[in-house]
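# Residue-level structural notes
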Amino acid sequence: MTRSFEEFAKTKPLIDYLIAISTLDVLSISWKNRFKIISLIVSHYFYITFMYNNIRSSISSQINLNFMWTFLIFLVLSDYIAIMILNIFKRKKFHVLMQNIRELFEEEEGDEDLGGILNGHLMYNLRFFNFLQCWELRLGFVLITLAGLNFRLDHDFGLIIEIPFIVSDNTLWLECQYVLQTTFGAAAAYNMISINLGISFLGLSIIAEFNILTDYMKLVNEKIKTDPKFLSKIIKRHCSVIENVNLLNDIISESSFMQIFANCVIFLFGFSFLMKSSYSFANYMILVAGLMLSVHVCVLGHFIRKKADKLSDTLYLNNWYELSLVDQKTFMIILGMAQRGYGLKAAGMYDVTLYTLVQISNIGFSYCAILYSLCL
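Residues numbered from 1 in each chain as written. Predicted model: local features only at pLDDT ≥ 70, side-chain atom pairs only at ≥ 80, totals over all residues. Heavy atoms only, no water.

### A closer look at the packing of aromatic side chains
Two aromatic rings are characterised by how far apart their centres lie and by the angle between their planes. The test is simple: When two rings of Phe, Tyr or Trp (its six-membered ring) have centres within 6.5 Å they constitute a pair, described as stacked for plane angles under 30 degrees, edge-to-face for angles over 60, and tilted for the intermediate range. Comment: elements are numbered from the N terminus, with helices defined as DSSP H or I runs of at least four residues and strands as E runs of at least two. Only protein chains enter the accessibility calculation, which uses a 1.4 Å probe; a residue whose area is less than 20% of its type maximum is buried, one above 50% is exposed, and one in between is partly exposed.
Under the criterion given, the structure shown has 11 aromatic pairs. Where Phe-5 meets Phe-8, the ring centres are 6.2 Å apart and the plane angle is 35°; that geometry is what we call tilted. A residue pair is termed a helical-turn pair when its members lie 3 or 4 positions apart in one helix, as Phe-5 and Phe-8 do in helix α1 (residues 3-23) at three residues. Both residues of the pair, Phe-5 and Phe-8, belong to the buried class. Taking the centre distance of 6.3 Å and the plane angle of 25° together, the rings of Tyr-124 and Phe-128 count as stacked. With a gap of four residues between them, Tyr-124 and Phe-128 both fall in helix α5 (residues 112-153), about one helical turn apart.

Here it is as structure tokens:
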């Protein structure tokens, strides 16, 4: 058993839990995690119901900053609930991709150089994922805590939930509502971060596989002398990479479009709030929170496309003309496969890259500037 697989075995329960949240697959995990997911679902139900009550009562009286914040959070939470429901129908693809990743970690190379490349990239993948998981949860906790305090202290924000059947001016009851609102918000943020982290692990594993394939290709001229089947090994690994990219693309095609749409709406609201009151810290928080919605998938899509484009360059820079005629023909097949563009697409139409994220922010700012100038 390799060291990378030992580390993967330690991390796998967490990954299974993150994917179970994304797909609402409560039957494939432990009772403890099953209870956590059910509790999150119940929490989301009450949170979205209480926000809907606030929206319904506010829209009939007046539309103010509190209404806008309630509507925005309601929209984002609804977006992620829709993503989870959508992922229910993609459980099989999640499991197939996870099985492919497990096989990658289980793989053992007899060659010392190739084994070092394989384990090195996989270990780096796990370390980076653990770092990302740790610090993103901390950032989310800090943002939710600051948001809870801001909503409590700033009367322009106030309560974004309205609990029916209980009407009381009691100070203790009012404070309990603020605590309950922050708790609901923390549960929603935890759920969103967990879904993003599950997708991040799948994407990081594919990027690691691209790095492994690229380093293997750099050793073609050297290894083919000692291993005549080395090109066949590269073809097999290349086909595996393509299969995993297509699986990830199928998994996030619709959900990434929904995240990007929600991100665009958040930027539109965020820039509008900033133009109205640039001194408010909460308005800056909304831009950070909006960035966290789709930055994962955009960064993954950007690097996957870059790694795919790099494959053909790496292959062509090898001294392939020194190979035998039979190996040159095989090499041309690999080169033809590598020259095809691979990447992630939202709804099968829009490239998911960092450039997409920049475009979204530009669109949000542009529309906001137009609306703001018309209102002056």
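Having seen it, we continue.
### Quick notes on the pattern of salt bridges
As a reminder, the rule being used: For this document, the term salt bridge refers to a Lys or Arg side-chain nitrogen within 4 Å of an Asp or Glu carboxyl oxygen.
Summed over the entire model, instances satisfying the criterion amount to 10 salt bridges. Put simply, Asp-215 and Lys-218 hold a salt bridge, and the shortest N to O gap is 3.8 Å. Here the residue Asp-215 and the residue Lys-218 both occupy positions in helix α6 (residues 171-218), the gap between them amounting to three residues, near one helical turn. On the accessibility criterion, Lys-218 (48% relative accessible area) is partly exposed. Of the charged contacts in the structure, one is a salt bridge between Asp-351 and Lys-345, with a shortest N-O distance of 2.5 Å.

### Some thoughts on the nonpolar core
Counted only if it meets this: Only buried residues count toward a nonpolar core. Its members are Ala, Val, Leu, Ile, Met, Phe, Trp, Tyr and Cys residues joined through side-chain atoms within 4.5 Å. The contact criterion used throughout is that any non-hydrogen atoms of two residues lie within 4.5 Å.
Phe-8, Phe-201 and Leu-202 are the most contacted members of the largest nonpolar core, which totals 101 residues. Top contributing element to this core by residue count: α6, with 19 residues. Discounting residues that sit within four places of it in the chain, Phe-8 has contacts with Ile-15, Met-98, Ile-101, Arg-102, Phe-105, Leu-126 and Phe-201.

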